[in-house]
Amino acid sequence: MPYLANSDELIFFVNGRKVTEKNADPEINLLFYLRKVLRLTGTKYACGGGGCGACTVMVSRYNPKTKKIHHYPATACLLPICSLYGAAVTTVEGVGSIKTRIHPVQERLAKCHGTQCGFCSPGMVMSLYTLLRNHPEPTPEQIMEALAGNLCRCTGYRPIIESGKTFCVESTVCQIKGSGKCCMDQEERSFVNRQEKMCTKLYNEDEFQPLDPTQEPIFPPELIRMAENPNKRRLTFQGEKTTWITPVTLDDLLEQRANYPKAPLIMGNTAVGPRIKFTDEFHPVFLSPLGLPELHFVNPTDDGVTIGAGYSLAQLNDALHFIVSEQPKEKTKTFRALLKHLRTLAGAQIKNMATLGGHVVSRPNYSDLNPILAAGNATINLVSKEGERQIPLNGPFLERSPEANLKTEEIVLSVYIPYCTQWHFVSGFRLAQRQENAFAIVNAGMSVKFEDGTNIVKDLQMFYGSVGPTIFSASQTCKQLIGRQWDDQMLSDACRLVLDEICIPPAARGGMVEYRRTLITSLLFKFYLKVQRGLNEMNPKKFPDIPEKFMSALEDFPIETPQGIQMFQCVDPYQSPQDPVGHPVMHQSAIKHATGEAVFIDDMLPLDQELFLAVVTSTRAHAKIISIDISEALALPGVVDVITAKDVPGDNNHHGEIIYAQNEVICVGQIICTVAADTYAHAKEAAKKVKITYEDIKPMIITIKQALEHNSFLTVEKKIEQGNIEQAFKYVDQIIEGEVHVEGQEHFYMETQTILAVPKGEDKEMVLHLGTQFPTHVQEYVAAALNVPRSRITCHMKRAGGAFGGKVTKPALLGAVSAVAANKTGRPIRFILERGDDMLITAGRHPLLGKYKIGFMNNGVIKAADVEYYTNGGCTPDESELVIEFIVLKSENAYYIPNFRCRGRACKTNLPSNTAFRGFGFPQATVVVEAYITAVASQCNLLPEEVKEINMYKRISKTAHKQMFNPEPLQRCWKECLEKSSFHARRLAAEEFNTNNYWKKRGLAIVPMKFTIGIPMAYYNQAAALVHIYLDGSVLVTHGGCELGQGLNTKMIQVASRELNIPQSYVHLSETSTITVPNAVFTAGSMGTDINGKAVQNACQILMARLQPIIRKNSKGKWEDWIAKAFEESISLSATGYFKGYQTHMDWQKEEGDAYPYFVYGASCSEVEVDCLTGAHKLLRTDIFMDAAFSINPALDIGQVEGAFIQGMGLYTIEELKYSPEGVLYSRGPDDYKIPTVTEIPEGFYVTLVRSRNPIAIYSSKGLGEAGMFLGSSVLFAIYDAVTAARRERGLTTAFTMSSPATPELIRMTCMDQFTDMIPRDDPSTFTPWSIHVS
Ligand SMILES: Cc1cc2nc3c(=O)[nH]c(=O)nc-3n(C[C@H](O)[C@H](O)[C@H](O)COP(=O)(O)OP(=O)(O)OC[C@H]3O[C@@H](n4cnc5c(N)ncnc54)[C@H](O)[C@@H]3O)c2cc1C
Ligand code: FES
Ligand code: FES
């Protein structure tokens, strides 16, 4: 460790206030500093690696040369505080606050219903705010770009984009929502023939405050003075273990570089930061030349452009745009290729932080820019104390060969990018799991130079990313093709040669081996076509054009701003204006979400003596624990204790769920022990030092197949049967059999599981604050673990940052883990799971295998279905039994099959235990149904929608489990969906498109849905509420439900307001707690509003009954008068409301019962376009018709439908969990698990809430929390439709196996062609693959 003088003071501004940090530690990032030191908790942690945008802040810097202030978005989790010297940081608190004034961005996000759980909202606000600071009247494209780096798991993005679009000059929000004409035919969509009137206005734009850019805070003058100070000096910050040096000039930097040749240069820190966080990289010294003017310049010359290494990728983007607009097209081919990749590379935050120099030098194997720079013959200008030199940015440099590398004392000064000449073509290609903000699965930069005026190859270069540990230059292939003509024969040789040259071993890291091999040639083919077309444009007579049918292969899918309409019932004009029921009321906490003032668990102030917990988890799937050595961990500074199974005073295994592993581990990720320390950093450091030795136990079961081989089950079989299945099979025209695999899904709630456990110090009481869907369950597990009565345990739940089923059971286990630690140490415990740990430990949706045998007539009528379902339940029971019951009961979906047998069983494997997830098995199981219907259609030469219609329930009927229902709303949703989406006309148009396009295909699909809410056990449908009226007339409502973002509390306020006949502003809802409502059931199964609404209604009605005599006597009086009077008359102003629950039941012996209270129907139709060469797809349009009966709050209900749909679409398309054959989950963060972003949502998104009646539920409403999820499968089946069209054209008529998700890999490999045929294939018995499917 070098000796360095004392630290300098770090000076920067946060929200206009000066921060002077005397002990700036280079290891501390801004997110930690804001949250833990400055106590600005609006900025959220959700991933820690720059991938989610929850921690977005605005950084502003003054440039003394240009005298301009540069504002840009940045992810606070990757910003070392030491890099902020002289910067002004604005956080969500600095934008606006309820205490002072909210900003229009915050107001509109809230009022457009762009927040649900609110955890992503501060990040969204900051991204939009920063955009508006730079562009007060942005274009819709800029809105999309600004939001690309922000993930939201709840809303489905449509309302967030819409809130942004309200700032565009010409408001591109659909005009039908204002007074003007709509982009759609208004007449057609207004349902004029029907009784009910439909509305489309979910918010009132007239209420919005205008944006006044002159009102924004000024840049701190002190920072301008500091920046202009001619006597700047080098800064040094000395931390606990590391030193940060900010050189003052280039010479100083070179001096320091010579002194510390191993120290990384911290520029954007987007490469170094994640490595330090996730791979334990350590550097004792950092050099940070970020602001050096010598690294910031653009220098155009006649031959090309030199760009300073310190330019951020966003600045590079701007500079390239400018050059492209100034220079002739043919000169700027490299620039345009770079711009194409810059558009989709990461989100705006990363693009604004990452630098050109950092990108070039860090040379990640997935780099999107380096292959193009290399293909464009860029050179790197290096400088050291010895002087300057240039090296080519070529193959050897990218492949890190030592002779082509930087010398240790050198730095990159700039990059020179030459212009192209006339006969020189440069292009870039990339394919990722998600179009935007995702590392490439394979990318490429290619260039070809021809002998002037000919198509004879003079020079050829091909660089591929993500095919090996570094970017790969296919130099041998290129060499052999010099002198060849650019024709089909050359292409065919090129493909053969390049496949010989690039070897992706069968077990290669990252998997997708055959797909990646296919992409190598597919991308080459795209280049071939592009160049062919370019040659034709230059000399059409000499060079033939590419076939018309191939044209669309040239273009990537554009990123469009979504459009659409949301329709819902209008409120009865005679309803009291004060009565909010039926109105699109904004989420009760929306403004607080948008200002960052909504308090989540980790936002709560630290408690005296509080300790942090870090986990030690099993690295083996099934093993005996031989020893646990905690000695080294205990010896580390700050460590207070290590907690193991021995410290559990009560039940360590409660109902089969293990709190701390004891003697053996049964999955990777099982908690073995926890470390409690004074800081999380200390706890985590110590957790790494705990040494565990194992002895593997056989068998290790990871997949459903392995479980079936070992007869390993968590549950007995559940079965429903009707008719005579064996008999029916004898008389049908045809029988088909098949299997469908549906992989699992990660909840990816934005707020990871977080718990604050506080021992009260007397009577063994313990208080827990946590985001859960089931406080009673937490109470139960904690009481069992601590061996105390439940009455000693209190759980408080105010809100959760998303849950989706993931916070039903898991918080109980994690609560018990924390409570045991709190009990042992006697101190409060703050337990925040890092994203990676959360994904590893808490598991998700059950992967499913469906096997079917279907008997049907040639006209498409299905006579018999025998279906078996197996789920991968993981290592403990959790909710697997209930999930299987739901699957068996609901999987007939919307179809009547007279002879029907459905059986299901949950497999026990050595994976973390899977749990509840929105839809609870229905979204997986019903895909199997739609798959066999589609297979029947194919066999009968019918369209899938025809077979669906033929077999759909049409009249009052009984389900297979003999529950009566009326499918009239189902029929209505189906018909309206077909009609209003112009399904048949669009199918014809798609067919025509497909005839005219060989490499791009369109597909459409419509799916019907019969869903149910609730639980087949009556006692699980009960609820209670407690309503207090205070003497000032204000009302406090408490109920047993949990606010997860779905707007439950908002609806409860609407209920109380109607029942008590008072304005909503009188009603307050604070939190859910086991003290106020004991024994509450979980908030799940779409029944939160149903049951808690009835309980609140009941409490309010009791109170109103008590007040009636007073009101009667003084009917003209005010609410406050009545309350005062009631108090005088000793009338109790507090009441408990109760709802006994829907009387559901299920008799599994008889295989019948009224298992669910009622049915929710829907239909959705989607149209996609797939790129057969890459496997990418674009969702062109979705129409959803959802039977909402009477919506209590259409904004919230549409929010649920859209959010669930997008989550479902993620499940069925891009969300892919990767496991090693040994059961290790690889996907542990946003880098390797892709949930949808703004780009994935349908370009046209039309949602209609269909009116029906549901007298059983409160105000005749329906629970819509989960139903939209399955409708996402319309995208899956539309993809299959498109793929089928491609296969048909290629002469492949055999049916193919359907599975979910339809990833780019699956799409590409199913669209078989010459490129899939030519790749080398490996014998599966000769290698162990990198990853496996577990369904
Ligand atoms: C969430 C996320 C998403 C991303 N998505 C993509 C993507 O889709 N496609 C893609 O291609 N990339 C992507 N990236 C990677 C990103 O492009 C690189 O991390 C970035 O370009 C590195 O630049 P930086 O300035 O942050 O480098 P830093 O992390 O600051 O430095 C990286 C390395 O370069 C060295 N270095 C920096 N500047 C110089 C210099 N002038 N001279 C000598 N050495 C220098 C440093 O010593 C260090 O070793 C993503 C990154 C993140 C975090
Ligand atoms: S927490 Fe910073 S980007 Fe996710
Ligand atoms: S509202 Fe966006 S993550 Fe919940």
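About the thresholds
- Residues take numbers from 1 onward in each chain, read along the sequence in its written order.
- Chains and ligands are labelled by the order in which they are written, letters from A for the one and numbers from 1 for the other.
- It should be noted that, the model being predicted, local features are given only for residues of pLDDT at least 70 and side-chain atom pairs only at 80 or more, the latter also being counted only at that level, while totals for whole chains, interfaces and linings use all residues.
- Hydrogens and waters are ignored; side-chain quantities use all the structure's heavy atoms.
- Helix and strand labels come from DSSP, where a helix needs a run of H or I of at least four residues and a strand needs a run of E of at least two; each type is numbered from the N terminus.
- Here the globule rule reads 2.2 Å times residues to the power 0.38, and the radius of gyration is calculated from C-alpha atoms.
- Accessibility here uses a 1.4 Å probe with only protein chains present; expressed as a share of the type maximum, an area under 20% marks a residue as buried, one over 50% as exposed, and anything in between as partly exposed.
- Contacts are residue-level and defined by heavy atoms, with any inter-residue pair within 4.5 Å sufficient.
- All accessible-area figures derive from a Shrake-Rupley calculation using a 1.4 Å probe, and residue coverage is judged against the displayed protein chains alone.
- Here a residue counts as near a molecule or strand whenever at least one of its heavy atoms sits within 4 Å of it.
- Pairs of N or O atoms within 3.5 Å make up the polar contacts considered here, provided that, within protein, one atom can donate a hydrogen while the other can accept it, and that residues adjacent in sequence are counted only when both atoms are side-chain atoms.
- Note on terminology: pairs of cysteine sulfur atoms within 2.5 Å are recorded as disulfides.
- Angles here are taken between N-to-C directions and fall from 0 to 180 degrees, while the axes themselves are lines fitted to C-alpha atoms, restricted in helices to the stretch in contact.
- The labels follow the angle: roughly parallel below 35 degrees, roughly antiparallel above 145, roughly perpendicular from 65 to 115, and oblique for the rest.
- We call a crossing left-handed when the near helix sits turned anticlockwise from the far one by less than a right angle, and right-handed when that turn is clockwise.
- Residues are grouped as follows: nonpolar covers Ala, Val, Leu, Ile, Met, Phe, Trp, Tyr, Cys and Pro; charged covers Asp, Glu, Lys and Arg; every other residue, Gly included, is treated as polar.
- The pairing test for Phe, Tyr and Trp rings, Trp by its six-membered ring, is centres within 6.5 Å, and the orientation test on the planes gives stacked under 30 degrees, edge-to-face over 60, and tilted for anything in between.
- Any helix carries an expected span of 1.5 Å times its number of residues minus one.
- For two strands to pair, DSSP has to find at least two bridges joining them.
- The quantity known as pLDDT measures the predictor's confidence residue by residue, on a range of 0 to 100.

Participant: What should I look at first to understand the overall build of the protein chain in this one?
Facilitator: Each helix and strand counted, the protein chain has 40 helices and 48 strands in total. Relative to the compact-globule value of 34 Å for 1335 residues, the protein chain shows a C-alpha radius of gyration of 31 Å, a close match. Taking the principal axes of its C-alpha atoms as reference, the protein chain extends roughly 95 × 80 × 70 Å. By the burial criterion, 65% of the 1335 residues in the protein chain qualify as buried. Counting contacts in the protein chain only where the partners sit at least 6 residues apart, residues at least 24 apart contribute 78% of the total. By element, 51% of the accessible surface of the protein chain is carried by carbon and sulfur atoms, the whole surface being about 47100 Å².

Participant: In this structure, what is going on with the environment of Pro159? I would like to understand it.
Facilitator: Looking at the secondary structure, you find Pro159 in helix 6 (residues 158–165). Judged by relative accessible area, Pro159 falls into the buried class, the value being 3%. Sequence separation of Pro159 and Ala1195 is 1036 residues, and the distance between their C-alpha atoms is 9.9 Å. Discounting chain neighbours no more than four positions away, the residues touching Pro159 are Cys112, His113, Gly114 and Glu1202.

Participant: In this structure, what is going on with the site of ligand 1? I would like to understand it.
Facilitator: Taken together, the neighbourhood of ligand 1 is formed by 33 residues, with Leu265, Met267, Thr270, Thr355 and Asp368 sitting nearest. Within the backbone of Met267, one N or O atom sits 2.7 Å away from an oxygen atom of ligand 1. At a separation of 3.0 Å, an oxygen atom of ligand 1 approaches a polar side-chain atom of His359. Looking at the shell around ligand 1, the elements with two or more residues in it are helix 14 (356–362) and strand 14 (411–418).

Participant: Even after reading the chapter, I still don't get the state of the cysteines, so can you show me in this structure?
Facilitator: When the sulfur atoms of two cysteines share a covalent bond, that bond is a disulfide. Applying the stated criterion across every chain yields a total of one disulfide. Residue Cys199 pairs covalently with Cys570 via a disulfide, S to S 2.1 Å. Disulfide Cys199-Cys570: the torsion about the S-S bond is 120°, which places it as right-handed. You can see Cys199 sitting in strand 6 (residues 198–199) and its partner Cys570 sitting in the loop between strand 19 (563–569) and helix 20 (590–595), a full 371 residues away along the chain. Judged by relative accessible area, which is 15%, Cys570 ranks as buried. Sulfur of Cys495: no disulfide; nearest cysteine sulfur belongs to Cys478 and is 12 Å away. With no disulfide partner, Cys907 has as its closest neighbouring cysteine sulfur the one in Cys875, 14 Å distant. Residue classification places Cys907 among the buried residues on the basis of a relative accessible area of 0%.

Participant: Can you help me understand the packing of helix 29 (residues 922–940) against helix 30 (residues 944–951) in this one?
Facilitator: Where helix 29 meets helix 30, the closest approach of the two axes is 8 Å, and the angle between their N-to-C directions is 110°. One way to sum up the angle between helix 29 and helix 30 is to call them roughly perpendicular. You can see that helix 29 and helix 30 cross each other, and the crossing is right-handed. Where helix 29 abuts helix 30, its residues Glu930, Ile933, Thr934, Val936 and Ala937 lie against Pro944, Val947 and Lys948. Of the residues in the contact of helix 29 with helix 30, the class split is five nonpolar, one polar and two charged.

Participant: Help me understand the side chain of Asn269 in this model?
Facilitator: Checked against the element boundaries, Asn269 lands in the loop between helix 9 (250–259) and helix 10 (272–279). Accessibility expressed as a relative area gives 11% for Asn269, which makes it buried. Among all residues touching Asn269, those that are not within four sequence positions of it are Leu78, Pro80 and Pro274.

Participant: Would you mind going over the packing of aromatic side chains with me for this structure?
Facilitator: When we look at a pair of aromatic rings, we describe it by the centre distance and by the angle of the planes. All told, the structure shown has 39 aromatic pairs when counted by the stated rule. Centroid distance Phe713 to Tyr870: 6.4 Å. Interplanar angle 35°. Geometry classified as tilted. Note that Phe713 is positioned in the loop between helix 23 (704–709) and strand 28 (718–722) and Tyr870 in strand 35 (residues 862–872), a separation of 157 residues in sequence. Both residues of the pair, Phe713 and Tyr870, count as buried.

Participant: Explain helix 25 (residues 775–786) here, please?
Facilitator: Counting along an α-helix, one turn takes 3.6 residues, and residues three or four places apart therefore face a common direction. For helix 25, which comprises 12 residues, the first-to-last C-alpha distance of 16 Å matches the rise-based estimate of 16 Å (1.5 Å per residue) to within 8%. A large share of helix 25 lies buried, amounting to 12 of its 12 residues. Those residues of helix 25 that fall on the buried side of the exposure criterion are Pro775, Thr776, His777, Val778, Gln779, Glu780, Tyr781, Val782, Ala783, Ala784, Ala785 and Leu786. Buried residues along helix 25 sit in contact with strand 23 (653–654), strand 24 (657–658), strand 31 (766–770), strand 32 (793–797), helix 26 (810–825) and strand 43 (1072–1073). In the segment just after helix 25, Asn787 is the residue with positive phi, at about 60°.

Participant: Quick question: what am I supposed to make of the sheet that holds strand 3 (residues 56–63) here?
Facilitator: Whether parallel or antiparallel, the strands of a sheet pair through hydrogen bonds between backbone atoms. The five strands are arranged 2-1-5-3-4 in an open sheet whose pairing can be described as mixed. At either margin of the open sheet sits one strand with a lone partner, and together these are strand 2 (17–21) and strand 4 (68–75). Adjacent strand axes in the sheet meet at a mean angle of 30° when their direction is disregarded. Two strands pair when backbone bridges link them, and strand 3 and strand 5 (residues 88–90) are joined in this way by three bridges, in the antiparallel orientation. Within strand 5, the position partnered with Ser60 by the bridge is Ala88. The strands touched by helix 4 (residues 121–134) are strand 3, strand 4 and strand 5; relative to strand 3, the strand with the most contacts, the crossing angle is about 30°.

Participant: Looking at this structure, I do not really get the confidence of the model for the protein chain. What am I missing?
Facilitator: Any residue range with low pLDDT should be treated as having predicted coordinates unsuitable for detailed reading. Overall, the predicted model of the protein chain reaches an average pLDDT of 96, with 98% of residues at or above 70. Contacts for the low-pLDDT stretch residues 175–195, under 50 throughout, to residues beyond four places or in other chains number 42 contacts.

Participant: I keep staring at the pairing of strand 45 (residues 1159–1171) and nothing clicks. Help me out?
Facilitator: Every regular strand shows the same layout, with side chains that alternate between the two sheet faces. Of all the 13 residues making up strand 45, 13 are buried; the element is thus mostly covered by neighbouring parts of the structure. On strand 45, burial covers both faces: Phe1159, Tyr1161, Ala1163, Cys1165, Glu1167, Glu1169 and Asp1171 on one face and Val1160, Gly1162, Ser1164, Ser1166, Val1168 and Val1170 on the other are all buried. Examined bridge by bridge, strand 45 and strand 46 (residues 1177–1187) share nine bridges and lie antiparallel to one another. Directly across from Ser1164, in strand 46, lies its bridge partner Ile1184. Hairpin connection, strand 45 to strand 46: the antiparallel pair is bridged by five residues, and Gly1175 has positive phi, about 90°.

Participant: How should I be thinking about the pairing of strand 31 in this particular structure?
Facilitator: The buried count for strand 31 comes to five of five residues, which makes it a mostly enclosed element. Burial along strand 31 is two-sided: the face carrying Met766, Leu768 and Leu770 and the face carrying Val767 and His769 are both buried. Sheet topology note: the strand 30 (residues 754–759)/strand 31 ladder contains five bridges and is antiparallel. Note that in strand 31 the partner of Leu756 across the bridge is His769. Taking the residues that link successive antiparallel strands as the turn, the strand 30-strand 31 hairpin has six residues, and the phi of Gly761 there is positive, at about 90°. Here strand 31 pairs with strand 32 via four bridges, running parallel. The residue of strand 32 that forms the bridge with Met766 is Ile793.

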